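# Reading the structure
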Amino acid sequence: MITEPDNGLPQVPAARTCPFSPPREYALLREAGPVTQVALPGDKHAWAVTTLAAVRELLTRPDISSNPQHPNFPEPFPDVEAEEAPDDAENAAAAEEEPDEEGGGEPLPQLIEMDPPLHTVYRRMLIPELTVKRVKELRPGIQQLVDGLIDDMLAKGPTADLVSAYSLAIPSAVICQLLGISNDSHHFFQTRTETVVSRAATSAEKLTAYMELYSFLDVTVTAKETEPTDDILGRLVTKYFRTGELSHEMLVSTAVLLLLAGHETTANTISLGVLAFLQYPEQLQALREDPAAAVNSPDEMVRFQSLGDVDISRTATADFDFQGTQIKNGDGLLPIISVANRDPEAFDHPDELDIRREDTRHHVGFGYGPHQCLGQNLARVELEIAYRTLFERIPGLRLAVPLDEIRFKNDSQIFGVHSMPVTW
Ligand code: HEM
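Below: a short report on this structure. Here the structure is a predicted model, which means the values were calculated and not measured.

Reading guide: rules and limits
Residues numbered from 1 in each chain as written. Predicted model: local features only at pLDDT ≥ 70, side-chain atom pairs only at ≥ 80, totals over all residues. Heavy atoms only, no water. Helix = DSSP H or I, 4+ residues; strand = E, 2+ residues; numbered from the N terminus. Rg over C-alpha atoms; globule rule 2.2 N^0.38 Å. Buried < 20%, exposed > 50% of the residue type's maximum accessible area, 1.4 Å probe, protein only. Contact = heavy atoms within 4.5 Å. Pairing = 2+ DSSP bridges. Axes fitted to C-alpha atoms, helices over the stretch in contact; angles between N-to-C directions. Salt bridge = Lys/Arg side-chain N within 4 Å of Asp/Glu carboxyl O. Donors = N, O, S within 2.8 Å, 3.2 Å for Na, K, Ca; no water.

The number of helices and strands found in the protein is 16 helices and twelve strands. For 424 residues, the compact-globule estimate of 2.2 N^0.38 gives 22 Å, and the protein sits close to it at 21 Å. Per-residue burial for the protein yields a buried fraction of 54% across its 424 residues. Restricting the contact set of the protein to residue pairs at least 6 apart, pairs at least 24 apart contribute 73%.

Pairing is mixed across the open sheet formed by five strands, whose spatial order is β1-β2-β8-β5-β3. Each having just a single partner strand, β1 (35-40) and β3 (64-65) make up the two edges of the open sheet. Packed onto the sheet, helix α2 (residues 52-59) meets β2 (44-49), β3, β5 (314-316) and β8 (332-335) and runs at close to 130° relative to β8.

Let us now look at the pattern of salt bridges. Scanning the model with the defined rule gives 22 salt bridges in all. With a shortest N-O distance of 2.5 Å, E212 and R192 are connected by a salt bridge. With a gap of 20 residues between them, E212 in helix α9 (residues 203-226) and R192 in helix α8 (residues 186-196) connect regions that are remote in the sequence. Within the structure, one salt-bridge network assembled from shared partners comprises R139, E384, R388 and E392.

Of all protein atoms, C373 (SG) alone acts as a donor to the iron atom of the ligand, lying 2.3 Å away. In this fold, C373 is placed in the loop between α15 (337-340) and α16 (376-393).

Turning our attention to the pairing of β2. Within a regular strand, side chains alternate between the sheet's two faces. Bridge count for β1 against β2 is six bridges, and the pairing is antiparallel. Across the sheet, the residue bridging to V35 is V49, located in β2. The antiparallel pairing of β1 with β2 creates a hairpin that spans three residues between the two strands, and G42 there sits at a positive phi of about 80°. Pairing of β2 with β8, which is carried by three bridges, proceeds in the parallel orientation. Among the inter-strand pairings, V49 is bridged to a residue of β8, identified as P335.

The antiparallel open sheet is built from three strands, whose spatial order is β4-β12-β9. Since the sheet does not close on itself, it has two edges, and those belong to β4 (159-161) and β9 (398-399), each with one partner. Across three bridges, the pairing between β4 and strand β12 (residues 421-423) is antiparallel. Residue pairing for β12: D161 is matched across the bridge by P421.

This is the structure in structure tokens:
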């Protein structure tokens, strides 16, 4: 629950008590909002922005920055230092390890951490790869992949861990195929990705996991620079690396971002979405009977769940008046997308899951403005095929354990489930 530290400000982050809903305290911030000051770990504070209109307005302002190096950049989940890490000998040992020499040193800023005009230059290179049209061409391949995973589950069943057998396997295989890298290393990608977004991992563990991914992709990208292949990385080599517009390091960094950005987000939205369909049978019926609702279901699940409660941070780069609050140059800004997506001014019955609703599409679960999710078209197709096909092919799917035995990811920046035993 939100506690009030010495400075009297509400504390962020708070924990979810319902797996599908943001912490109740964030809704209270919205009622007091749209702009309220909150306390962050480490005696820091930021302006929480909580209504849909205010979040959209803020994220399109030119005088905000995504650069995490700024001293006031809001960090709701600051890195855990080694001595605070969970009491686990293996973790502690890993925390002390230096990153691989091969890929050592400070990682380059990611696209997601850049500001215009540089951000615009790099973002433009990726846009053609993830358009609606491009993603439509991928549909048959994604359908085939999902059918194959269900065949495997049925062959090994009648029980499975939905997370490893299905939810994580889908985004993992899809992004590997798009990048043109072998999916044989999916376990390596998944474990490293999970560490990077973990709240429990130390800064050294996170850096090690990141640099391991970086080193892996460094080798892949180097090979593609000599012999470009017909995939995102190969095309970036031909179009921008060979012209000198994209450096080797930036190319590797972009590959790491694409691998990271779509993994935990998509996988947890699949798992929690399946759980939500099991909890709300009338929604499952709509998914089965109404093709338009099935197409709408990914956006409604993203709106309803908003798994990255406080995942977007910015700092102000000028003084400005925002919704009646004086913001100073350098102030931390925290648009809380999960409560903006439950804003009663913007959505009818906002706290209800309704895959038939018509007002879903203007949610901000994929962000908004210049950094709006580049993978959203892909995520929509993955989620739609994942939900629809699972319940079509395994109509009797149900949880294999009581709901209160599911282990939720309160220890991650991206909420979700660690494992989800299902049966049929
Ligand atoms: C349900 C799935 C997903 C959710 C909820 C999600 C959410 C988000 C959000 C909220 C942002 C904005 C961050 C900010 O403004 O600071 C973002 C950015 C981004 N996402 Fe996603 N994402 C998902 C899937 C994906 C996938 C599948 C990919 C890749 C294939 C991807 C690639 C990216 C990239 C590259 C950015 C950075 C864009 C930029 O900075 O210009 N995402 N995502």
